[in-house]
Amino acid sequence: MRNFQLNDLWIVKPKTPINNEAKAFAMGGLDILECAKVVGTLKKALKGVDLVVGTSSVVATSTSNLSRVSITPTELAHRVRAAKGTVGIIFGRESSGLSNREVEACDLMVTIPASRDYNVLNIATAASIIFYEIFHQRIRGRSFELASRPAMERLLQQFNRLLIRSNIQTHRRRLAQRAFRNVVSRSFVTKREASLLLGLFRKVHAELM
């Protein structure tokens, strides 16, 4: 993290405490480790985060598995390089990665392209690749303000209201909700764009009343 100007580390429910061995390995990043926030739930770690990015070596093999549709680290870096907002990147357990419930909490997923014969990377390697791509892009370009988490939630709620009025089947409604969330998350909606979309949704709802 130190190499790429990142310093806000959160650790969720660790199996072991941050001991002297861990601090020895941290070397130049010792201050990051010492200032790391340790919390009991992922929800606490994500409080105040505007965009939640999950990481996984598992990619969707079916078009219906919308939660596992992913982008590459390079694509992520291009999108976040100019973003003014808090982006949280979740790395799963070394042994089993992220659970399906944790994946559902993510706005989008990132997968590092690797050999089909062995596509699993350890956390240190995966983090380094993703952090490098973000750092490389963020030292370039102009910035824009991301839509806040509450604004994105309102967008999803407004879209859901339209789905309810459409009377489509429940399982198709869930798929549409996830598809819309994927689209707006991968688009990195700005504060201005979210405001315009919310205004449009409100106008549509008012005309349907």
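Use the structure listed above.
Structure report, in brief.

Calculation criteria
- Residues numbered from 1 in each chain as written.
- Predicted model: local features only at pLDDT ≥ 70, side-chain atom pairs only at ≥ 80, totals over all residues.
- Heavy atoms only, no water.
- Helix = DSSP H or I, 4+ residues; strand = E, 2+ residues; numbered from the N terminus.
- Buried < 20%, exposed > 50% of the residue type's maximum accessible area, 1.4 Å probe, protein only.
- 1 Å grid on protein atoms, 1.4 Å probe; cavity = no way out; pocket = protein on both sides within 12 Å on 5 of 7 lines; lining within 4 Å.
- Points joined across faces, edges and corners; volume = space filled by probe spheres on them.
- Nonpolar A, V, L, I, M, F, W, Y, C, P; charged D, E, K, R; others polar.
- Core = buried A, V, L, I, M, F, W, Y, C linked by side-chain atoms within 4.5 Å.
- Contact = heavy atoms within 4.5 Å.

### Section: the environment of F25
Now for step 1: With respect to the secondary-structure elements, F25 resides in helix 1 (residues 20-26).
Now for step 2: When its relative accessible area of 65% is taken as the criterion, F25 is described as exposed.
Now for step 3: With 174 residues separating them along the chain, F25 and G199 place their C-alpha atoms 51 Å apart.

### Quick notes on unusual backbone geometry
Now for step 1: Located in the positive-phi region is K13, a residue other than glycine, with phi close to 45°.
Now for step 2: By the secondary structure assignment, K13 is in the loop between strand 1 (10-12) and helix 1.
Now for step 3: Residue M27 is not a glycine yet carries a positive backbone phi of 50°.
Now for step 4: Of note, M27 is situated in the loop between helix 1 and helix 2 (30-34).
Now for step 5: M27 gets classed as exposed once you look at its relative accessible area, which sits at 66%.

### Some points on empty space enclosed by the protein
One water molecule sets the probe size; rolling that probe over the atoms shows where empty space is left.
Now for step 1: Within the structure shown, the criterion is met by 1 cavity of 30 Å³ or more.
Now for step 2: One number sums up the size of the largest cavity: a volume of about 50 Å³.
Now for step 3: Surrounding the largest cavity, D50, L51, L146, A147, M152, V184, S185, F188 and V189 form its lining.
Now for step 4: Per-class residue counts for the lining of the largest cavity are 7 nonpolar, 1 polar and 1 charged.

### Focus on the nonpolar core
Now for step 1: Core analysis: the largest hydrophobic core is formed by 18 residues, its most contacted members being V53, L76, L108, V110, I130, I134 and F188.
Now for step 2: Among the elements that take part in this core, helix 6 (residues 123-138) stands out by supplying 5 residues, more than any other.
Now for step 3: Apart from residues no more than four positions distant in its own chain, L108 is found in contact with L51, V52, V53, G54, I71, L76, S185, R186 and F188.
Now for step 4: Core analysis: the second largest hydrophobic core is formed by 12 residues, A147, A151, F159 and A194 among them.

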